[in-house]
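Working through the structure, step by step
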Amino acid sequence: MAQTLYEKVFDQHVVRQLPSGQAQLLMGLHLLHEVTSPQAFAMIRERKLKVMFPERTFATVDHIVPTHTKLRPYQDAMAEAMMQSLEKSVKEFGIRFFSPAANENGVVHIIGPERGLTQPGMTICCGDSHTATHGAFGALAFGIGTSQIRDVLATQTLAMEKLKVRRIEVDGKLRPGVYAKDVILYVIQKLGVNGGVGYAYEYAGDLVGRMTMDERMTICNMSIEGGARCGYVNPDQTTYDYLKGREYAPRGAAWERAVAYWESIKSDSGARYDDVIKLRAEEIPPVVTWGITPAQSVAIDGVIPAVEGFAADERESVKEAYAYMDFRPGQPIAGTKIDVAFIGSCTNGRLSDFAEVVKVLQGGKHRVRPNVRALVVPGSEQVRQDMIARGWDKVFTEAGFLFREAGCSMCLAMNPDKLQGREVCASSSNRNFKGRQGSPQGRTLLMSPIMVAAAAVTGQVADAREVFGIG
Ligand code: SF4
């Protein structure tokens, strides 16, 4: 019977059915970071258990690392304690650690693909919501909680329900100045933040087929913001070209065997989906969020929508968003003054994200407005080194951006990079929840990296196509 990739990969990883109705699912790869793992390791120690597959377990540090310095001990005692705890655990349990000391650190969802750890047909988990990123490779990748991290450390398995599968087909060509980030913000705007609850999202269509792996990672990354448990793209030649030669990718005969397997797990052409959504790429504009959920967004030339246009159960959140963000219905989003610009995160902190911005900054025509604090934060040390090798650090600093060390930085602000007071941030990250960027009153506007750059150089939300003459 024709099956989806989700069904095939899920079924192949079932260890047994549990009385709860869930399946016990083998996890091929377990990624760890410093924030969600210390308690899980403590529980393992308490029960005198071992890590079952240390060779399938990898760690890095991303949330708490300062991006202005690598000096230890960290000034924040809590951050230092988390770091020491992870260092102790990886040593004790024999886990490979991509550490700042070795210049190997980065956001966990950037490190996995970069090292070739993330591969098609795998089941992957990590104690972090945006684990869905790894689905770009045709993997089933789940964000998990602390007790599940404990379970995976001890048994390499997870208890999981089978999800429904929604295919989201995007066909056609994006207009100039429209990026993968706009595609996923548009999808979430159309389907809502809860639209994906109970689903895995399969992204397909000729636009997705033409996307680079970086672009696929950007869309899969935000699946969780649309309520989906995971998101994936069927693997293809683009996937294999990306993986070939990477540190942990199979080599020689093993590579040929792996590609044959990866081909076999693609969704079959006659596979049945629980839902299918079709979108046209040409209809997608540059999107900016105006509210306190990633679904509360408008086109760059749009206005803050009226509450009457929303379903009854969304209206409270919309009113709350008006008040918190200080917007009124009918107000254009363009022209909103910003205080901070942030380009980075596991959504848009890869080399290609910065490449787009470098293209428009080169030549020195544009500079960050004096009243704007603009941060460029590479998603990993590798990305940072690649940027420096290309001279992009200079392009950014000469344009007035702060070029930082790798980390999550202002995406979640569990480090010194924080908004102050009511500051407004144009951000390439993935969440605009209240207080997300470190100030309980701080305001976040999500957008693509190029739109963040346009906001940085104009001091306000602006159409990057006009600012930079794209098109
Ligand atoms: S960059 Fe942001 S979303 Fe991604 S792992 Fe770090 S804090 Fe989470």
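Residues numbered from 1 in each chain as written. Predicted model: local features only at pLDDT ≥ 70, side-chain atom pairs only at ≥ 80, totals over all residues. Heavy atoms only, no water.

**Topic: the overall build of the chain**
Each helix and strand counted, the chain has 17 helices and 19 strands in total. In terms of C-alpha radius of gyration, the chain reaches 21 Å, essentially the compact-globule figure of 23 Å for 471 residues. Structurally, the chain occupies a C-alpha span of about 55 × 55 × 45 Å along its principal axes. Within the chain, the proportion of its 471 residues that are buried is 61%. Taking as baseline every contact in the chain between residues at least 6 positions apart, the subset at least 24 positions apart corresponds to 75%. Summed over all atoms, the accessible surface of the chain reaches about 18100 Å², with 51% contributed by carbon and sulfur. In the chain, which carries 54 positive and 52 negative side-chain charges, the distance between the mean positions of the two groups comes to 2 Å. (Helix = DSSP H or I, 4+ residues; strand = E, 2+ residues; numbered from the N terminus. Rg over C-alpha atoms; globule rule 2.2 N^0.38 Å. Buried < 20%, exposed > 50% of the residue type's maximum accessible area, 1.4 Å probe, protein only. Contact = heavy atoms within 4.5 Å. Areas by Shrake-Rupley, 256 points an atom, 1.4 Å probe, with all protein chains shown as cover. Lys, Arg positive; Asp, Glu negative; His and termini not counted. Charge placed at Lys NZ, Arg CZ, Asp CG, Glu CD.)

**Brief notes about the sheet that holds strand β5 (residues 96-98)**
In space, the 5 strands of this open sheet follow the order β5-β4-β3-β6-β7, with parallel pairing throughout. Bordering the open sheet on either side are β5 and β7 (140-143), each of which pairs with just one other strand. Looking at each pair of strands side by side, their axes are set apart by 20 degrees on average, direction ignored. Its contacts with the sheet place helix α3 (residues 77-93) against β4 (57-60) and β5, and it is angled at close to 145 degrees to β5. (Pairing = 2+ DSSP bridges. Axes fitted to C-alpha atoms, helices over the stretch in contact; angles between N-to-C directions.)

**Notes on the packing of helix α13 (residues 351-361) against helix α16 (residues 449-458)**
Interhelical geometry of α13 versus α16 gives an angle of 40 degrees and a closest axis separation of 9 Å. Relative to α16, the element α13 lies oblique. Taken as a pair, α13 and α16 cross one another with a handedness that is right-handed. Here α13 contributes D353, E356, V357, V360 and L361 to the contact with α16, which in turn contributes P449, I450, A453 and V457. (Parallel < 35°, antiparallel > 145°, perpendicular 65-115°, else oblique. Left-handed = near helix turned anticlockwise from the far one by under 90°.)

**Quick look at the site of the ligand**
By nearness alone, every residue bordering the ligand is listed as H63, V107, H109, D128, H130, S345, C346, C408, C411, L412, N430 and R436. Taken together, the residues that form the shell around the ligand break down as 5 nonpolar, 5 polar and 2 charged. (Near = heavy atom within 4 Å. Nonpolar A, V, L, I, M, F, W, Y, C, P; charged D, E, K, R; others polar.)

**Points about the pattern of salt bridges**
Using the criterion set out here, one finds 29 salt bridges in the structure. Of the charged contacts, one joins D11 and K162 as a salt bridge, the two residues approaching to 2.7 Å between their closest N and O atoms. Taken together, the residues D11 in helix α1 (residues 5-12) and K162 in the loop between β8 (157-160) and β9 (164-171) connect sequence positions 151 residues apart. Accessibility expressed as a relative area gives 36% for D11, which makes it partly exposed. Its salt-bridge partner being R373, residue E423 comes within 2.9 Å of it at the nearest N-O pair. (Salt bridge = Lys/Arg side-chain N within 4 Å of Asp/Glu carboxyl O.)

**Looking at the nonpolar core**
Ranked by internal contacts, the top residues of the largest apolar core, which has 57 residues, are W290, F396 and F401. Taken together, the elements giving at least two residues each to this core come down to α11 (315-325), β15 (340-343), α13, β16 (373-376), α14 (381-389), α15 (392-398), β18 (424-427) and α16. Looking at this core element by element, the count peaks at 8 residues for α16. In this structure F396 touches F354, V357, V358, L361, V376, M387 and F401, once residues within four positions along its chain are discounted. Of all hydrophobic cores here, the second largest spans 42 residues; its members include L32, I95, L158 and L163. (Core = buried A, V, L, I, M, F, W, Y, C linked by side-chain atoms within 4.5 Å.)

**Points about the pairing of strand β3 (residues 29-32)**
Neither face of β3 is left uncovered, since the one carrying L29 and L31 and the one carrying H30 and L32 both have all their residues buried. Across 3 bridges, the pairing between β3 and strand β6 (residues 123-126) is parallel. By the bridge assignment for β6, H30 is matched with C125. Pairing between β3 and β4: 3 bridges, direction parallel. Bridge pairing links H30 to T57 in β4.

**Quick look at the sheet that holds strand β12 (residues 275-280)**
Adjacent strands of a sheet form backbone hydrogen bonds with each other and so pair up, either parallel or antiparallel. Across the sheet, 4 strands lie side by side as β11-β10-β9-β12; this open sheet has parallel pairing. Edge positions in the open sheet fall to β11 (230-233) and β12, since each of these has one partner strand only. For this sheet the average axis-to-axis angle between neighbouring strands, irrespective of direction, equals 20 degrees. Here 6 bridges tie β9 to strand β10 (residues 199-204), and the two strands are oriented parallel to one another.

**Here's the deal with the environment of V187**
When you line up the elements, V187 lands in helix α6 (residues 180-191). We classify V187 as buried; its relative accessible area is 3%. The contacts of V187, once residues within four sequence positions are left out, are I168, G192 and L279.

**Considering α14**
Inspection of α14 places E381, V383, R384 and M387 among the buried residues, and these make up the whole buried set. Projected down its long axis, α14 carries its buried residues within an arc of 160 degrees, all on one side. At the C-terminal side of α14, G391 shows a positive phi close to 80 degrees. (Arc of directions from axis to C-beta.)

**A look at unusual backbone geometry**
Excluding glycine, residues mostly carry a negative phi; peptide bonds, for their part, are mostly trans. R72 connects to P73 through a cis peptide bond whose omega is -5 degrees. Of note, P73 is situated in the loop between β4 and α3. The residue S345 is not glycine, and still its phi comes out positive at about 85 degrees. Assessed through its relative accessible area of 1%, S345 is described here as buried. Positive phi, close to 60 degrees, is recorded for A413, a residue that is not glycine.

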